[in-house]
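One letter stands for each residue in the lines below.
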Amino acid sequence: MSSPYNFPNIYACQHACQLEDMPLYRCLAQKYGQRLLELGCGTGRITIPLAREGFYVDGVDRDPMMLNWAREQLKNETPQVQSRIHLLEMDITSMATGRQYDLVLFPYHSVGHLSPGQGISALAYAVADHMLPDGAFVLSVLQPDSDLCSEKPSDLRHLEEFHVPGLGMVDCYETTRYDATLRQLHFDWYYDLGDEEMLHIKNCLNLHSGQELEQAFRAAGLRLVETWGDFDGSAWSMDSGE
């Protein structure tokens, strides 16, 4: 059993087409300014497309394997795009990039990797330190439905099929389980790599309430401006997925 971040090639190919959040981040970047900071930038799924559009993006991630993959992908970009990206290996809760930004992004539910209380508080203060006075911070928070919040392990289901260079077509299967005591959502992913080889990857996300997050960021001197229920800007409700 392994972490998904130990296999950046599989991670990157699986998420390459998951760009439903890009229009929102692009719109916010156009609104707030050219200098962006992406937290948990990983393989560059968001970082590189934004740099192609002319934004200057510093990407922070603590996983060297994910960052190495992003650096390899950058070699395929023009010198202009490469010059707009600065990748930094550091913990987002204690980061010190030496800059402040017009917009700080924390995409793809990655806030779930932080522990409640101290982890969220440290993030809030780190973000506040890196924002310009008129800057903004946006993060994506998972709001799972009742099926995901079942303490009984789900049945194994086929999630998707995608292509990985060197491996061919890969099928991904998933089971989930919710720990109500710890407020943690556990994922087990099984990747069929062919020739009877199955890769088992585990992941876990802490589920933070909107109230908990708002309190932490208010304590760091930030205020909530707006909430959405999805990346299309629709109003938040209890049925929203984000």
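Analysis parameters
- Residues numbered from 1 in each chain as written.
- Predicted model: local features only at pLDDT ≥ 70, side-chain atom pairs only at ≥ 80, totals over all residues.
- Heavy atoms only, no water.
- Core = buried A, V, L, I, M, F, W, Y, C linked by side-chain atoms within 4.5 Å.
- Buried < 20%, exposed > 50% of the residue type's maximum accessible area, 1.4 Å probe, protein only.
- Contact = heavy atoms within 4.5 Å.
- Helix = DSSP H or I, 4+ residues; strand = E, 2+ residues; numbered from the N terminus.
- Expected span 1.5 Å × (residues − 1).
- Axes fitted to C-alpha atoms, helices over the stretch in contact; angles between N-to-C directions.
- Parallel < 35°, antiparallel > 145°, perpendicular 65-115°, else oblique.
- Left-handed = near helix turned anticlockwise from the far one by under 90°.
- Arc of directions from axis to C-beta.
- Pairing = 2+ DSSP bridges.
- Phe/Tyr/Trp six-rings, centres within 6.5 Å; stacked < 30°, edge-to-face > 60°.
- Lys NZ or Arg CZ within 6 Å of the ring centre and 35° of its normal.

How should the nonpolar core be read in this particular structure?
Nonpolar side chains tend toward joint burial in soluble globular proteins. The biggest cluster of nonpolar side chains holds 25 residues, and the ones touching the most others in it are Leu39, Leu123 and Val127. If we skip the residues at most four places from it in the chain, Leu123 touches Leu39, Ile92, Thr93, Phe106, Val111, Leu114 and Phe217. In terms of nonpolar packing, the next biggest core, distinct from the first, is built from 18 residues, Ile10, Val164, Leu205 and Leu207 among them.

Would you take a moment to explain helix 6 (residues 118-130) for this structure?
Each α-helix winds once per 3.6 residues, and so residues spaced three or four apart point in a common direction. The end-to-end C-alpha separation of helix 6 is 19 Å, in line with the 18 Å expected for 13 residues at 1.5 Å each. Those residues of helix 6 lying buried are Gly119, Ile120, Leu123, Ala124, Ala126, Val127, Ala128 and His130. In the core, the buried residues of helix 6 are packed alongside strand 1 (35-39), strand 4 (101-106), strand 5 (131-139) and helix 7 (210-219).

Explain the packing of helix 6 against helix 7 to me, please; I cannot follow it from the model alone.
Two measures define how a pair of helices packs: the angle their axes make with one another and the distance between the axes. Contact geometry of helix 6 with helix 7 gives a least axis separation of 8 Å together with a crossing angle of 45 degrees. When the interaxial angle is binned, helix 6 and helix 7 end up oblique. Considering the relative orientation of helix 6 and helix 7, their crossing is right-handed. Contact residues: Ile120, Ser121, Leu123, Ala124, Tyr125 and Val127 in helix 6; Glu212, Leu213, Ala216, Phe217 and Ala219 in helix 7.

Hey, could you run me through helix 2 (residues 22-32) in this one?
For helix 2, the full list of buried residues reads Met22, Leu24, Tyr25, Leu28 and Ala29. What you see down the axis of helix 2 is that its buried residues fit within an arc of 160 degrees, all on one side. Of the residues in helix 2, the exposed ones pointing more than 90 degrees away from the buried face are Gln30 and Lys31. Against the buried residues of helix 2 lie strand 1, helix 3 (47-52), strand 4 and strand 5. Once helix 2 finishes, Gly33 follows within two positions and takes phi at roughly 145 degrees, a positive value.

Looking at this structure, I do not really get the sheet that holds strand 7 (residues 168-179). What am I missing?
Each strand in a sheet pairs with another by means of backbone hydrogen bonds, the pair being arranged parallel or else antiparallel. Pairing in this open sheet of 4 strands is antiparallel, and the strands run 6-7-8-9 from one edge to the other. The sheet terminates laterally at strand 6 (157-164) and strand 9 (198-206), the two strands that pair on one side only. On average, each strand axis in the sheet is tilted by 25 degrees relative to the strand beside it, whichever way the strands run. Bridging between strand 6 and strand 7 involves 7 bridges; their strand directions are antiparallel. Note on strand 7: the bridge partner recorded for Glu160 is Cys172. Seen against the sheet, helix 1 (residues 8-15) touches strand 6, strand 7, strand 8 (184-192) and strand 9 and runs at an angle of roughly 105 degrees to strand 6.

Explanation requested: the packing of aromatic side chains in the structure shown.
Throughout the structure, instances matching the rule amount to 5 aromatic pairs. Taking the centre distance of 5.7 Å and the plane angle of 55 degrees together, the rings of Tyr5 and Tyr11 count as tilted. Residue Tyr11 is classed as buried on the basis of its relative accessible area, which comes to 17%. Stacked on the ring of Tyr108, the Lys or Arg Arg45 has its end atom at 4.9 Å from the ring centre.

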